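Observations on the model geometry
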Amino acid sequence: MIYSKIFDNRSKYKKLISTAEAFSLWDMLSSKYSALERMQIWENYAHDRDLKYFLTSIRKSMEKNVKIIEKKTQQFGIMGPDGRFSDIRAAVNSEIVRDEFIARDLLEFVQESVTMLIKAIRSSITNDEIRELWTNIFKEAVDATNDYIKYLKLKGWLNIPPIYPHIPSGTTEKIDVGEAFSLWDHLAFRYDNIELTQYFYAYANDFDFKTLLKEGFQEILKKQAKMLEKELRQFGIPLPVKPPNVVPSVENTNLMYDDNIFRQLFFGVQGAVIIHTHAFLKSTTNDRIRKIFKELLMSEVSIQENLILFGKLKGWLNPAPEYGAKV
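Residues numbered from 1 in each chain as written. Predicted model: local features only at pLDDT ≥ 70, side-chain atom pairs only at ≥ 80, totals over all residues. Heavy atoms only, no water.

1. A look at the overall build of the protein
In terms of helices and strands, the protein carries 8 helices and 2 strands. Counting from the amino terminus, the protein carries its helices and strands in the arrangement β-α-α-α-α-α-α-α-α-β. Looking at the protein alone, contacts between residues at least 24 apart form 85% of all its contacts between residues at least 6 apart. For the protein, the exposed surface amounts to about 16800 Å²; the carbon and sulfur share of it is 54%. (Helix = DSSP H or I, 4+ residues; strand = E, 2+ residues; numbered from the N terminus. Contact = heavy atoms within 4.5 Å. Areas by Shrake-Rupley, 256 points an atom, 1.4 Å probe, with all protein chains shown as cover.)

In structure tokens form, the structure reads like this:
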């Protein structure tokens, strides 16, 4: 996007760390310490070979990420949580817990992990290194979640939501009611944002910001809306009301300031990331639709990253309370 070319030096944003980022490091370690103990327990109780593979794979990935987070926590002088946990090697009676129960418990864990990571990314606006750390782990977690949902479907261990009842007779694909609503909700959200960015563009004064709004947002939003419209028509889902194609010009652009417009835009993107995350995690019936939500999610995370850097460059982001600086 256009604003990704405006800057290429992030070094000055790498030293400070905010209170939110300090808490995320501590909280993530605390969560993963508990999860590692649970992974060891489930590995000992599981019987299904593929389930054991997922458990071991997730545990090893977690252990790798824990070491990285521990190093970053120590780097910024943050006292970590109690990391001691029992080293369980054998189950007392491996028959008392069913594989299906373990598999569903693991799904809740990976879904919670994705949600926790996206919240950490959202709050990490001070230190680019920490945000990059969470983003890398987040991408791994999203891929692992997608693969795991496919596995659970093959095993028949997923509860299937009600199927959307108004699918046209010529459409062979099925979607559940949650996926149908998410498709509609995503399109309605884009319609509102297309109209909103038109007003933002009319009031904006900064040249770079106007370019960002027109080329960076309007074009992407319209392209995504067109794609979603096609999906809604295919599944017989009513379309929301479209925004107007033309917004009148504004005579007095001093009624709104660029920095305030930017922050409203930024908060909207942060909200979109949460919407995309929820849709991705809850889309379990149609793999192709889940892939769409996944692509929209990763695109929005990238947009959020570039907006943070753009806002820093312009001095338009409110600085979060500081915890300290890298030694």
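2. A short note on the pattern of salt bridges
Side chains that differ in charge, positive against negative, can pair when their charged atoms come close. Counting across every chain of the model gives 20 salt bridges. Glutamate 140 serves as the salt-bridge partner of lysine 64, at 3.0 Å between the closest nitrogen and oxygen. One end of the pair, lysine 64, is in helix α2 (residues 49-75); the other, glutamate 140, is in helix α4 (residues 128-155), and 76 residues separate them in sequence. For glutamate 140, a relative accessible area of 32% gives the class partly exposed. (Salt bridge = Lys/Arg side-chain N within 4 Å of Asp/Glu carboxyl O. Buried < 20%, exposed > 50% of the residue type's maximum accessible area, 1.4 Å probe, protein only.)

3. Observations regarding the side chain of threonine 197
With respect to the helices and strands, the residue threonine 197 is situated in helix α5 (residues 177-203). With relative accessibility at 2%, the residue threonine 197 sits in the buried group. A polar atom in the side chain of threonine 197 sits 2.8 Å from the backbone oxygen of asparagine 193. Once you skip the residues sitting within four places of it in the chain, threonine 197 turns out to touch Phe217, Gln218, Leu221 and Leu265. (Polar contact = N/O pair within 3.5 Å; in protein donor to acceptor, adjacent residues only side chain to side chain.)

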